[in-house]
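An overview of the molecular structure
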Amino acid sequence: MTPADLQTASFATYPPLARAFAIRHLGLLRELPMSVCPSFLVQIIALDIRFPVERETLEWQCTVLESMEAQRRTSLLAPLRVITLPSELERTNWVQSPGAYVEQLTASLWSTGQINTFHAASKALFEAIPEQADTTDRLLLIVLGHGADVSRPSLMRKLARQGIRLEGIDAASAKAQMLAEVAERAKRMPAPYTHWYVDGGTAWDVPASFDPVVSTSYTQLAPLRSHVLTQMKSILQSGQSGAEQMRTQLSKMSAQSSGSSRVTPDPVLQRFYTELFTEGSGTQIFSTSFVQWAGRELARRAQPATLLLRYGPRQRHRGLNEMVEEPDSITPDPEGALVDAEMNAFYNWIAMKRIAAPGRLTTLAWAEGSSRAVLISPDTKPNTISNRPLTISQALRAKYV
């Protein structure tokens, strides 16, 4: 079976949104080469449990390709058509299991030396699709340093080089004002999955007005994390515990088998939380890795308008086997966690900057319990310092000269 043979009935077993999407864009799917059509189906088949932005992005890509002048579309697809594939690949059930097909396709491209050709052709295809216009004002709030010494002059130096170092923040009101900022923005822009609070420990008590903010924490997701760690322990004990083997085995864990329903009834969140622990690097063991990875994936997948990330003390570093066997050390490492959080916060800022329109991102990172923060916004000058007394709310709205 080839893409040209696809029929409406081919998608009869797909979930409702996925089936409707595939049928709506059936003409395009039939035109796509065998080397790329299953990759589209990988995204389509999971549409029912993807974030709204992910659905909108795929809709935009397909619509642009369909509206493209036929000769240009043919030209862009031509390099993908000349890629040769083993005949047995076409005989697989790639419509119902596109993910498995793509794994085999990747292996074939590498073994036949066609991977660079494929990457170049795929890149050209998607670069021909213009980005959607975006005018969202985005806010990134980061809290770090709980329990650590935050007095050193070099604190958050990477972020400080991009904005203004604030030395007069009112620590007593900072937590309440951060939560109030998130709640107020959620009230103004109530779209689902648009506002997030991710905590690396036990979450702060949030105000009753926090809906529709999605709030989650390392502590809340402990049952899911424990389940993934049990699988990791089993893989380690099997004697086949290479990084690739571990990744492959964890990738087979679905939201249904991971126990994610114990932490949320929302299927979209079940998928997201499961993949935080099955695809994330170190998220199962280090709370700082969990927060950084969650922030990165939210920027990429959900593209939030508001994101509050709070880093807490992670466990001390031990050997991998020991940490998997006994995942929760009773010895926290606040100083080591602060070093992690400083670098991770910088990466979080980069991730949000990538999705924000120019001049539409404000980032404030606060050293918890202190008067120190860094603010990066259209109104700040890089690598400057302010000592004037400010609350968090005042800092976000002040003009800096």
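Structure shown above.
How each quantity is defined
- Residues numbered from 1 in each chain as written.
- Predicted model: local features only at pLDDT ≥ 70, side-chain atom pairs only at ≥ 80, totals over all residues.
- Heavy atoms only, no water.
- Buried < 20%, exposed > 50% of the residue type's maximum accessible area, 1.4 Å probe, protein only.
- Helix = DSSP H or I, 4+ residues; strand = E, 2+ residues; numbered from the N terminus.
- Pairing = 2+ DSSP bridges.
- Contact = heavy atoms within 4.5 Å.
- Expected span 1.5 Å × (residues − 1).
- Arc of directions from axis to C-beta.
- Phe/Tyr/Trp six-rings, centres within 6.5 Å; stacked < 30°, edge-to-face > 60°.
- Lys NZ or Arg CZ within 6 Å of the ring centre and 35° of its normal.
- Core = buried A, V, L, I, M, F, W, Y, C linked by side-chain atoms within 4.5 Å.

1. Remarks on the pairing of strand β1 (residues 138-144)
Of all seven residues making up β1, seven are buried, and the element is well covered by its neighbours. Of the two faces of β1, the one lined by Arg138, Leu140, Ile142 and Leu144 and the one lined by Leu139, Leu141 and Val143 are each fully buried. The pairing of β1 with strand β8 (residues 361-367) spans seven bridges and is classified as parallel. Within β8, the residue paired with Leu144 across the bridge is Ala367. Inspection of the sheet shows β1 paired to strand β5 (residues 306-310) by five bridges, in the parallel sense. By the bridge assignment for β5, Leu139 is matched with Thr306.

2. Describing the environment of Thr216
Tracing the backbone shows Thr216 in strand β4 (residues 214-217). Sequence-wise, Thr216 and Thr264 are 48 residues apart; in three dimensions their C-alpha atoms are separated by 9.9 Å. Beyond its immediate stretch of four places on either side in the chain, Thr216 contacts Tyr197, Val198, Asp199, Leu221 and Tyr273.

3. Quick look at helix α7 (residues 98-111)
Compared with the 20 Å implied by 1.5 Å per residue over 14 residues, the 20 Å span of α7 between its first and last C-alpha is a close match. Turning to α7, its buried residues are Pro98, Tyr101, Leu105, Ser108 and Leu109. Buried positions in α7, seen along its axis, are confined to an arc of 100 degrees and lie on one side of it. Exposed residues pointing more than 90 degrees away from the buried face of α7 are listed as Glu103, Trp110 and Ser111. On its buried face, α7 is in contact with α3 (37-45), α6 (87-90) and α8 (115-127). Gly113 occupies a position one or two residues after α7 and carries a positive phi of about 70 degrees.

4. As for the packing of aromatic side chains
Tallied over the full model, the rule gives 13 aromatic pairs. Their ring planes at 20 degrees and their centres at 6.0 Å tell us that Phe40 and Phe126 sit as a pair that is stacked. In this pair, Phe40 is assigned in helix α3 and Phe126 in helix α8, connecting sequence segments 86 residues apart. A relative accessible area of 31% means that Phe126 is categorised as partly exposed. By way of ring pairs, the aromatic residues Phe51, Tyr193, Trp196, Phe272 and Tyr273 are connected into one cluster. Between Lys158 and the ring centre of Phe346, over which it is positioned, the NZ or CZ distance is 5.1 Å. For the cation-ring pair, Arg296 lies above Trp293, with the distance from its terminal atom to the ring centre recorded as 4.1 Å.

5. Things to note about the nonpolar core
Among the nonpolar cores identified, the biggest contains 56 residues, and Phe51, Leu140, Leu159, Trp196, Tyr273 and Phe290 are the most heavily contacted of them. The biggest single contributor to this core is helix α16 (residues 334-355), with eight residues. Setting aside chain neighbours within four positions, we find Tyr273 in contact with Trp196, Val214, Thr216, Leu221, Leu224, Val263 and Thr264.

6. Focus: α8
Across its 13 residues, α8 extends 18 Å between first and last C-alpha, which sits within 8% of the 18 Å expected from 1.5 Å per residue. Three or more residues of α8 are buried, namely Ile115, Phe118, Ala121, Ser122 and Leu125. Relative to the axis of α8, the buried residues are bounded by an arc of 135 degrees and lie together on one face. The outward face of α8, more than 90 degrees from its buried face, is lined by the exposed residues Asn116, Lys123 and Glu127. The inward-facing, buried residues of α8 contact α4 (52-67), α5 (70-81) and α7.

7. Remarks on the environment of Ala171
Note that Ala171 resides in helix α10 (residues 171-188). Separated by 28 residues in sequence, Ala171 and Val143 place their C-alpha atoms 12 Å apart. Non-local contacts of Ala171, meaning those with residues more than four positions away in its chain, are made with Trp366, Gly369 and Ser370.

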